[in-house]
Protein chains: 2
Amino acid sequence: MPKILYAEDQERYRKLVKVFLETAKFDVITVEDGEKALEYLSHNNDVDLILLDIMMPNIDGKDVCKYLRKTSDIPIIMLTALADSSNEVDGLNLGADDYISKPFSRDTLIARINCVIRRCENKRSKNYHVNGFEFFKNKGVLRIEGKEISLTPKEILLLEFFLNNKDCVFSRNQILDSVWGFDYYGNPRTVDTHVKSLRSRLGEFGQRIKTARGRGYYYQS
Amino acid sequence: MPKILYAEDQERYRKLVKVFLETAKFDVITVEDGEKALEYLSHNNDVDLILLDIMMPNIDGKDVCKYLRKTSDIPIIMLTALADSSNEVDGLNLGADDYISKPFSRDTLIARINCVIRRCENKRSKNYHVNGFEFFKNKGVLRIEGKEISLTPKEILLLEFFLNNKDCVFSRNQILDSVWGFDYYGNPRTVDTHVKSLRSRLGEFGQRIKTARGRGYYYQS
DNA sequence: AGTTATTGTGAGAACTTTGTGATAGATTTC
DNA sequence: GAAATCTATCACAAAGTTCTCACAATAACT
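Sequence order sets the numbering: in each chain, residues are counted from 1 along the sequence as written. Written order decides the labels, with chains lettered from A and ligands numbered from 1. In keeping with the model being predicted, local features are shown solely for residues with a pLDDT of at least 70 and side-chain atom pairs are shown and tallied solely at 80 or more, while totals for entire chains, interfaces and linings include all residues. Values shown for side chains rest on all heavy atoms present in the structure; no hydrogens or waters enter the calculation.

## Quick look at the overall build of chain A
Here's step 1: We count a stretch as a helix when DSSP gives it H or I for four or more residues in a row; a strand needs E for two or more, and each element gets its number in order from the N terminus. Along its length, chain A carries eight helices and eleven strands.
Here's step 2: Per-residue accessibility, obtained with a 1.4 Å probe over protein chains only, is compared with the maximum for each type, and a residue is labelled buried under 20%, exposed over 50%, and partly exposed between these values. Across the 221 residues that make up chain A, the buried fraction comes to 49%.
Here's step 3: Between two residues, a contact is recorded if the distance between any of their heavy atoms is within 4.5 Å. For chain A, long-range pairs separated by at least 24 residues make up 55% of all intrachain contacts whose partners lie at least 6 apart in sequence.
Here's step 4: We get accessible surface area from the Shrake-Rupley algorithm with a probe of 1.4 Å; when it comes to residues, only the shown protein chains can shield them. As displayed, chain A has an accessible area near 11000 Å², and 48% of this comes from carbon and sulfur atoms.

Written out as structure tokens, the structure is:
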């Protein structure tokens, strides 16, 4: 029975949603703010999904999400009142897996929870065994000839991008869009720097990241 | 000017988005449901991207997407209201290239459209299997007898030009117009130099690029 | 064969693009 | 809140590309 942690300050919602979810065969723990949610999680490692209201006293949903994402890729769904739906993009950029606006129906809620759980099963612990080395995406660690090398966050994203798009040339701007986000407007040459550091982390495999002069970079499989 | 087909039943959105996109130098055709979208596409082959609202009368966005994907890889972006219980993953599993939830900002929309268009250009770029060799256009690489030879940007363009126009003689100026661009005013003999280097890259296949004395060059298939 | 027009070719200057180390500012960690 | 780490940008070095020119080679024509 999947276990869901639900953080919500309004008692009415807490009770209602708990019933909704229990009828759908979920195990539900409710807490009334973000602080309590984090406290619960620090002692318990068996939660399958977190439902986070955005507006809460003490620590709000956004901060909980941001904080959790530093160390975990546990599925998170954010809940918000329609009035602050302008925050949607923010919420997703925080790393939430889905976003539901209040009020929602029982069926919507359950369908989306199931969907996120299914999706995250695949996403979690996605590791790469490439020709000569291993890349543990979640840990952000490379294993090359038995040695473990840890990568910085940007290096992780960039390597993942290359490995998901092998043999395909991408311009610096395309890479910025995909890795940094489409709303990032920085110097395209920043990509060069990160390619450089990634190459050096990869050691002899650094050569796999090819330069397509005048057009961009690609990973050669 | 890229052409976008926008299917949306709500008139308010139709008008607003049309204006958004036109200010960003897109050519926009709006239709009010999925059926009309398919009808339009059956007569027109010049659409660069399709924006599909999910909820529409007659044929909805999901079905349009599913139907189009059987025969085409034209870029598709799905739009949905947050309240829709239908969700992101379903949309993407249908084969859509991106997914934007309403309400969205003008900048978000345009950034993501540009991103999808660029990404798809890359995906759709073709490779060439010519009689004796292979040309991977996106990587700018030739494979001849198992050896990979990389080309310079101009060589890539020139070879692509020849392969797209086999057995057809072009003067130096026509080649300059097509490969270098209409606004390039340089010495036509520059073409000779590039033909020379392309021939040498092609090795034994260099002979396929023929000189039509007094008239120009052509690729013999 | 001699003359002329056209193309092939090698060298190199001018230019463009990429690699790299330093550095300052952000961010995270302790 | 200090220290460590990470990120973005810059400036300059290094590498690669493009274009032009001069001359050699070739073809066409008389």
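## Description of the protein's contact with DNA strand D
Here's step 1: Lining the immediate surroundings of DNA strand D are 22 residues, of which A:Thr152, A:Thr190, B:Thr152, B:Trp180 and B:Thr190 lie closest.
Here's step 2: Proximity criterion: a residue is near a molecule or strand once any of its heavy atoms comes within 4 Å of it. Sugar plus phosphate, as a fraction of atoms of DNA strand D within 4 Å of the protein: 86%.
Here's step 3: Definition of a polar contact: a pair of N or O atoms within 3.5 Å, with one able to donate and the other able to accept a hydrogen when the atoms are protein atoms, and with sequence-neighbouring residues admitted only if both atoms are side-chain atoms. A distance of 3.4 Å is found between a sugar or linking oxygen of DNA strand D and a side-chain nitrogen or oxygen belonging to B:Tyr184.
Here's step 4: If you list the elements that add at least two residues to the surface near DNA strand D, you get helix H6 (153-164) and helix H8 (190-202) of chain A together with helix H6 (153-164) and helix H8 (190-202) of chain B.
Here's step 5: Of the residues belonging to the surface near DNA strand D, the class tally is six nonpolar, twelve polar and four charged. Residues are grouped as follows: Ala, Val, Leu, Ile, Met, Phe, Trp, Tyr, Cys and Pro are nonpolar; Asp, Glu, Lys and Arg are charged; all remaining types, including Gly, are polar.

## Describing the sheet that holds strand E7 (residues 134-136) of chain A
Residue and element names in this part refer to chain A.
Here's step 1: Criterion used throughout: strands pair if DSSP finds at least two bridges between them. Spatial ordering of the open sheet is given by E6-E7-E8-E9, a layout of four strands whose pairing is antiparallel. Where the open sheet ends on each side, the last strands, each with one partner, are strand E6 (127-129) and strand E9 (147-150). Here the strands of the sheet are splayed against their neighbours by 15 degrees on average, with no regard to which way each runs.
Here's step 2: On the sheet, H6 packs against E6, E7 and strand E8 (141-144) and is oriented at approximately 125 degrees with respect to E7.
Here's step 3: Axis lines are fitted through C-alpha atoms, for helices just across the contact stretch, and the angle between N-to-C directions can take any value from 0 to 180 degrees. Of the strands in this sheet, E8 and E9 touch H8, which is tilted by about 40 degrees from E8.

## What about the confidence of the model for chain A?
The predicted structure's coordinates, where accompanied by low pLDDT, should not be read in detail.
Residues and elements named next belong to chain A.
Here's step 1: For every residue, the predictor reports its confidence as pLDDT, a number between 0 and 100. Within chain A, residue pLDDT values average 82, and 87% of them lie at 70 or more.
Here's step 2: Ranking the elements of chain A by mean pLDDT puts helix H4 (residues 88-93) last, at 45, and H8 first, at 96.
Here's step 3: For residues 84-92, every residue scores under 50 in pLDDT, and the model assigns this stretch 15 contacts once sequence neighbours within four places are set aside.

## Considering the packing of helix H7 (residues 172-180) of chain B against H8(B)
Residues and elements named next belong to chain B.
Here's step 1: Running from amino to carboxyl end, H7 crosses H8 at an angle of 75 degrees, the nearest separation of the two axes being 9 Å. On the basis of the axis angle, H7 is roughly perpendicular to H8. Taking contact as the criterion, the partners of Arg172, Ile175, Leu176 and Trp180 in H7 are, on H8, Thr190, Val191, Asp192 and His194.
Here's step 2: For the contact of H7 with H8, the class distribution of residues is four nonpolar, two polar and two charged. For classification purposes, angles smaller than 35 degrees are called roughly parallel, those larger than 145 roughly antiparallel, those between 65 and 115 roughly perpendicular, and all remaining angles oblique.

## Quick word on unusual backbone geometry
Here's step 1: One non-glycine residue, A:Asp167, lies in the positive phi region at around 60 degrees.
Here's step 2: Relative to the assigned elements, A:Asp167 resides in the loop between H6 and helix H7 (172-180).
Here's step 3: Of note, the phi angle at B:Glu145 is positive, near 50 degrees, even though the residue is not glycine.

## Digging into helix H1 (residues 11-23) of chain B
Every α-helical turn comprises 3.6 residues, leaving residues that sit three or four positions apart pointing alike.
Residues and elements named next belong to chain B.
Here's step 1: Residue count minus one, scaled by 1.5 Å, sets the expected span of a helix. Given a rise of 1.5 Å per residue, 13 residues ought to cover 18 Å, and the 19 Å separating the end C-alpha atoms of H1 matches this to within 8%.
Here's step 2: Tyr13, Arg14, Val17, Phe20 and Leu21 are the residues of H1 that are buried. Projected onto a plane normal to the axis of H1, the buried residues spread over an arc of 135 degrees and lie on a single side. Counted as exposed and oriented over 90 degrees from the buried face of H1: Arg12 and Lys15. Note that the arc is defined by the directions from the helix axis to the C-beta atoms.

## Observations regarding the environment of B:Asp63
Here's step 1: By the element assignment, B:Asp63 lies in helix H3 (residues 61-71).
Here's step 2: Put simply, B:Asp63 and B:Gly34 are 29 residues apart on the chain and 8.0 Å apart in space, counted from C-alpha to C-alpha.

## Describing the protein's contact with DNA strand C
Here's step 1: Taken together, 21 residues form the shell around DNA strand C, and within it A:Arg189, A:Gly214, A:Tyr217, B:Gly214 and B:Tyr217 come nearest.
Here's step 2: Expressed as a percentage, the sugar and phosphate content of the atoms of DNA strand C within 4 Å of the protein is 56%.
Here's step 3: A distance of 2.7 Å separates a base nitrogen of DNA strand C from a polar atom in the side chain of A:Arg189.
Here's step 4: Between a phosphate oxygen of DNA strand C and a side-chain N or O atom of A:Thr211, the distance comes to 2.8 Å.

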